[in-house]
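Commentary on secondary and tertiary structure
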Amino acid sequence: MMVETLFSLLNLSVMPAWALLIFAPRWSMTRTLVHSMLYPIVLGLAYACGIIASLFFGMGGEGAGFTSIAEVRAIFISDVGVLVGWAHFLVFDLFVGAWEARDAQRRGFSHWLLIPCLFFTFMFGPLGLVLYLGLRWATKKGRGRLEEGS
């Protein structure tokens, strides 16, 4: 299977999860598919295969590794390396988006306030998380509750 096809499949694979978080946040299928860790496990396994291929089977650039910027750059020289990096973003952005959704429900947020945060988490990762945390702070729904582990 070509890397471009895998890239498309990877992108398409997360769309249902984001749609469920936005359009059906309290539906049982959202809990089953998105909040059950199914997505992070499946995508994480795909990521693991790709990172192993990049680092140990020569599908990354020569000198690929994690101890210098040159080694990290070498991972992304190949299409497989870019696919691995993209999978990394997709897995963690979805994980964070699912956490935001659960946290917002526990704190009694209006779902309409959460939707822009989810969009920005999907598109820009950490920016969406900062937006969500800022919203928690601004609405006073997050103050004094950090010590509870949420």
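Please refer to the structure higher up on the page.
Let us look at the structure shown here. (Residues numbered from 1 in each chain as written. Predicted model: local features only at pLDDT ≥ 70, side-chain atom pairs only at ≥ 80, totals over all residues. Heavy atoms only, no water.)

Turning our attention to the environment of Arg102. Positionally, Arg102 belongs in helix H5 (residues 79–107). In this structure Arg102 comes out as partly exposed when scored by relative accessible area, which is 23%. The contact partners of Arg102, leaving out residues within four places of it in the chain, are His35 and Met37. (Helix = DSSP H or I, 4+ residues; strand = E, 2+ residues; numbered from the N terminus. Buried < 20%, exposed > 50% of the residue type's maximum accessible area, 1.4 Å probe, protein only. Contact = heavy atoms within 4.5 Å.)

Helix length check: helix H6 (residues 111–124) (14 residues) gives 20 Å between terminal C-alpha atoms against 20 Å at 1.5 Å per residue, within 8%. Burial in H6 covers these residues: Leu114, Ile115, Cys117, Leu118 and Thr121. Where H6 is buried, its residues contact helix H1 (3–23), H5 and helix H7 (126–138). Gly125 occupies a position one or two residues after H6 and carries a positive phi of about 50°. (Expected span 1.5 Å × (residues − 1).)

Let us now look at unusual backbone geometry. A positive phi is found at Met37, a non-glycine position, where the angle reads about 80°. Along the chain, Met37 falls in the loop between helix H2 (28–33) and helix H3 (38–56). The class of Met37 is partly exposed, set by a relative accessible area of 28%.

This part covers the pattern of salt bridges. In total, this model carries three salt bridges according to the counting rule given. Taking the shortest distance from any N to any O, the salt bridge between Asp103 and Arg106 comes out at 3.2 Å. In this pair, Asp103 and Arg106 are both assigned in helix H5, three residues apart and thus about one turn of the helix distant. Linked through salt bridges whose partners overlap, the residues forming this network are Asp103, Arg106, Arg107 and Arg136. (Salt bridge = Lys/Arg side-chain N within 4 Å of Asp/Glu carboxyl O.)

Next up on the list: the packing of H6 against H7. At a minimum axis distance of 6 Å, the contact between H6 and H7 shows a crossing angle of 155°. Compared by their axis directions, H6 and H7 come out roughly antiparallel. Only Pro126, Leu127, Gly128, Leu129, Leu131, Tyr132 and Leu135 of H7 make contact with H6, whose side of the interface consists of Leu113, Leu114, Pro116, Cys117, Phe120, Thr121 and Phe124. Considered class by class, the residues forming the contact of H6 with H7 number twelve nonpolar, two polar and no charged. (Axes fitted to C-alpha atoms, helices over the stretch in contact; angles between N-to-C directions. Parallel < 35°, antiparallel > 145°, perpendicular 65-115°, else oblique. Nonpolar A, V, L, I, M, F, W, Y, C, P; charged D, E, K, R; others polar.)

What follows is about the packing of aromatic side chains. One pass over the full model with this rule turns up seven aromatic pairs. Both rings, one in Phe7 and one in Trp86, keep their centres 5.9 Å apart while their planes meet at 35°; by these two values the pair is tilted. Remark: Trp86 occurs in helix H5 and Phe7 occurs in helix H1; sequence separation between them is 79 residues. Residue Phe7 is classed as partly exposed on the basis of its relative accessible area of 27%. Given a relative accessible area of 33%, Trp86 falls into the partly exposed group. (Phe/Tyr/Trp six-rings, centres within 6.5 Å; stacked < 30°, edge-to-face > 60°.)

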